[in-house]
Every structure is written in C-alpha cells, then in structure tokens.
Amino acid sequence: MSSNPLFQPFTLGALELPSRVVMAPMTRTFCPGGVPHAGVVEYYRRRAAAGVGLIITEGTTVGHRAANGYPNVPRFHGEDALAGWKQVVDAVHAEGGRIVPQLWHVGMVRRLGTEPDANVPGYGPSEKVKDGQVLVHGMTRDDIREVIAAFAQAARDAKAIGMDGVEIHGAHGYLIDQFFWDSSNRRSDEYGGDLAARSRFAIELIQAVRAAVGPDFPIIFRFSQWKQQDYSARLVETPQALAAFLEPLSAAGVDIFHCSTRRFWEPEFEGSELNLAGWTR
Ligand SMILES: Cc1cc2nc3c(=O)[nH]c(=O)nc-3n(C[C@H](O)[C@H](O)[C@H](O)COP(=O)(O)O)c2cc1C
C-alpha cells in the first residue's frame, strides 16, 4: 500500500510487474551439471515471495560449445536444464512474481579446461595464440551464425517454458561486449571497424531473437561501459555517441536497456548529474 513509486506496478507492453523492484542477475555457480535443482527453485521463489517485481536470473548459457566459462553455471539448453528452469518459472509465478533468464556467452573469457568440453578454447572476435596454443579461437562467419542461432533458440525456449521475457547479456566484457570493444575486436571484416560496425554482431543477434519470439515478447539488453578486464574502459564518450550506439540496438528489437554502471551514483558525462541509465532513457 506504499505510495513510493518503487512499489507501484509497472507495465511495458506485455510485461506487467507488480512492483519496480528488479533483482540484478547474479551468478551463483550452484548448478552441478548445469541443471537448476530444487534448491535453485526455492532460491528464486523466496525472492518473488518477498516482493521482487522482476527477477533476472543468474547468467545462463546458450547452447554453444564455448558459451560457458565457469563451473556449475546453469545451462539454458538441453531437456534436463530447461525442465529445471520450468520449475523455477512456475514457482515464481505462483508467488505473483515475474522472471526472465539472462542469456550468456562468455566468449574469450573461457579458458581451456572449463566444462563441458575441456578442449574447447574461448571463442572471440579475434584470435589469441600463446606459445603455439590457441587460447581464443577467432570466430568465423559460420561461428557467428551458430552463436546467433543459439541465442535465438534459447529465447524461443524461454518463451515456451513461460518466462516473461529474456535478457541478453551484452555487458561486462563477455562475448557480445567483446565485439563492441575496440580492444578485443580487431576484425577487418564487416563485424569490425568503428563502433557501428562492431555493433553488427549484436544487432543481428537481437534481430534473430526478435524473430524467434515474435513482436510482443520483452527483450532486455544489458550493456556497460566497464569491462571486467578494465573497469575504466568506455565504448562512448558523449551523449550523442551513446544515442548513436543504442538507437540501432533499439531498432533491432530491444524493449528495455539494462545499464550496468558498477557505481550508479556517478555521473556518466561531464556537465550533468545523469548516470548511464539517465542518459539512456
Ligand atoms: C555475486 C555476483 C554475481 C554476479 N553475476 C552477474 C551475472 O551473472 N550477470 C550480470 O550481468 N551481472 C552479474 N553481476 C553484477 C551485478 O548484476 C551488478 O551489475 C553489480 O552488482 C553492479 O550493479 P550495476 O551493474 O547495476 O551498476 C554479479 C554481481 C555479483 C555480486
């Protein structure tokens, strides 16, 4: 009954939230074999029961051999994992909550030796070789098509099991962000060059997700200036450059931008108090 806007319902297209409290995606590495179990169901159910309006799940990997970078991260592919997520969805809905999976591909962050196949190196925009060993496989156009198809399939599955939308992880120096960032994207084909060209991968991926889920299914896109490899990294230096970066992503099918700042209280550009979310809005 609070009059605080935080506790008012929120509607955006098909997404109707009981409150504006949104749980950030947080990796917990508590899914052996990549399958959400009863403890995971209970973990998310409790958040919904306590009044969280929208839960964004921990990062959960799309169905590509190099998507995963850490032990015990849940998959968002395979019958067993999707059946586990279906139980999570049903438990959250029974408490009146809403939930979207955060779809994740770690890209070149992946190390040899990581599950599920220890021999698969990281995949990234550009190759990285050390002492004759391929640490990062530079993605071919076929690899790009395969990863995009994996995101589209995951989004289709999310809709099929009753998720309320999807969040695409385009932040923090993981695969999609590695394409955005000039330090990690050294390509000379149409997926490299200026920021507009480096956005092509994300744009095609968002378009494929949109085509997979139809016009009304909410697509959230998470992005950040900062990278886990470099907290001071920046994709854009001005509000105009931010607009030029985001507008094509929006046109491709994003409904909501989730702006990750690490420090929400810090102004994004000089001469204004607005943070990244403020400028994005
Ligand atoms: C334990 C833990 C796990 C996290 N895992 C993820 C994750 O899987 N995906 C993600 O996008 N962010 C992850 N984060 C980052 C948070 O979602 C969030 O970005 C961070 O707390 C800072 O908030 P801000 O980005 O909204 O500024 C994680 C943070 C913590 C503390």
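Rules of the game
Residues numbered from 1 in each chain as written. Predicted model: local features only at pLDDT ≥ 70, side-chain atom pairs only at ≥ 80, totals over all residues. Heavy atoms only, no water. Helix = DSSP H or I, 4+ residues; strand = E, 2+ residues; numbered from the N terminus. Rg over C-alpha atoms; globule rule 2.2 N^0.38 Å. Buried < 20%, exposed > 50% of the residue type's maximum accessible area, 1.4 Å probe, protein only. Contact = heavy atoms within 4.5 Å. Areas by Shrake-Rupley, 256 points an atom, 1.4 Å probe, with all protein chains shown as cover. Lys, Arg positive; Asp, Glu negative; His and termini not counted. Charge placed at Lys NZ, Arg CZ, Asp CG, Glu CD. Pairing = 2+ DSSP bridges. Right-handed = clockwise from strand over helix to strand, strands pointing away. Phe/Tyr/Trp six-rings, centres within 6.5 Å; stacked < 30°, edge-to-face > 60°. Near = heavy atom within 4 Å. Polar contact = N/O pair within 3.5 Å; in protein donor to acceptor, adjacent residues only side chain to side chain. Core = buried A, V, L, I, M, F, W, Y, C linked by side-chain atoms within 4.5 Å. Expected span 1.5 Å × (residues − 1). Arc of directions from axis to C-beta. Axes fitted to C-alpha atoms, helices over the stretch in contact; angles between N-to-C directions.

Undergrad: Which residues make up the overall build of the protein, and what are the values?
TA: Secondary structure summary: the protein contains 8 helices and 11 strands in total. For 281 residues, the compact-globule formula gives about 19 Å, and the C-alpha radius of gyration of the protein, at 18 Å, lands near that figure. The buried share of the protein, taken over its 281 residues, is 51%. Counted over contacts in the protein with a minimum sequence separation of 6, partners at least 24 positions apart contribute 68%. Carbon together with sulfur atoms contributes 51% to the accessible area of the protein, which is approximately 12,800 Å² in total. Averaging the positions of the 28 positive and the 32 negative side-chain charges in the protein gives two centres separated by 2 Å.

Undergrad: Tell me about the pairing of strand β11 (residues 256-260), residues and numbers included.
TA: Direction of pairing for strand β10 (residues 219-224) relative to β11: parallel, over a ladder of 5 bridges. Along β11, the bridge assignment pairs Arg-222 with His-258. Regarding the hand of the β-α-β motif, the stretch spanning β10, helix α7 (residues 239-252) and β11 is right-handed.

Undergrad: Please provide a residue-by-residue account of the packing of aromatic side chains, values included.
TA: Here the distance between the centres and the angle between the planes together describe a pair of aromatic rings. Evaluation of the coordinates by the stated rule reveals 14 aromatic pairs. An angle of 85 degrees between the planes, with centres 5.3 Å apart, marks the rings of Phe-30 and Tyr-43 as edge-to-face. Here Phe-30, found in the loop between β3 (22-23) and α1 (38-49), pairs with Tyr-43, found in helix α1; they are 13 residues apart in sequence, far enough to count as distant. Taking the relative accessible area as the measure of exposure, Tyr-43 reaches 5% and is therefore buried. Measuring from centroid to centroid gives 5.7 Å for Tyr-70 and Trp-104, while their planes differ by 20 degrees, and the two rings are stacked.

Undergrad: If you had to explain the site of the ligand to someone new, which residues and values would you point to?
TA: Around the ligand, the neighbouring residues are Ala-24, Pro-25, Met-26, Thr-27, Gly-59, Gln-102, His-169, His-172, Arg-222, Ser-260, Thr-261 and Arg-262. Thr-27 is positioned with one of its side-chain polar atoms (N or O) 2.6 Å from an oxygen atom of the ligand. At 3.2 Å, a side-chain N or O of His-169 approaches an oxygen atom of the ligand. For the ligand, whose accessible area on its own is 610 Å², the fraction buried by protein is 65%.

Undergrad: A description of the nonpolar core should follow, citing residues and the corresponding values.
TA: Where a protein is soluble and globular, its nonpolar side chains tend to be buried together. Membership of the largest hydrophobic core comes to 66 residues, with the highest contact counts inside it found for Tyr-44, Phe-201, Phe-221, Phe-245 and Leu-249. Residue contributions to this core peak at 8 residues, all from helix α3 (residues 141-160). The residues touching Tyr-44, leaving out its near neighbours within four places in the chain, are Met-23, Ile-55, Thr-57, Glu-58, Trp-85, Val-88, Val-92 and Ile-99.

Undergrad: Let's hear about α1: which residues, and what values?
TA: Taking 1.5 Å per residue, 12 residues should reach 16 Å; α1 reaches 16 Å between its end C-alpha atoms and fits that length. Burial in α1 covers these residues: Val-40, Val-41, Tyr-43, Tyr-44 and Ala-48. The arc enclosing the buried residues of α1, seen along the axis, measures out at 160 degrees, which places them on a common side. Buried residues along α1 sit in contact with β3, β4 (54-61), α2 (79-94) and β5 (98-104). Two residues or fewer past α1, Gly-51 is found with a positive phi of approximately 105 degrees.

Undergrad: Let's hear about the pairing of strand β8 (residues 133-138): which residues, and what values?
TA: As paired strands, strand β6 (residues 122-124) and β8 are joined by 3 bridges and run parallel to one another. Residue pairing in the sheet places Gly-122 in a bridge with Val-136 of β8. Direction of pairing for strand β7 (residues 128-130) relative to β8: antiparallel, over a ladder of 3 bridges. From the neighbouring strand, Lys-130 faces β8, where its bridge partner is Gln-133.

Undergrad: Break down the sheet that holds β6 for me, citing the residues and quoting the values.
TA: Ordered by their spatial adjacency, 3 strands build an open sheet running β6-β8-β7, and the pairing between neighbours is mixed. The open sheet is flanked by β6 and β7, the only strands paired with a single partner. Across the sheet, the axes of successive neighbouring strands diverge by a mean angle of 20 degrees, strand direction being ignored.

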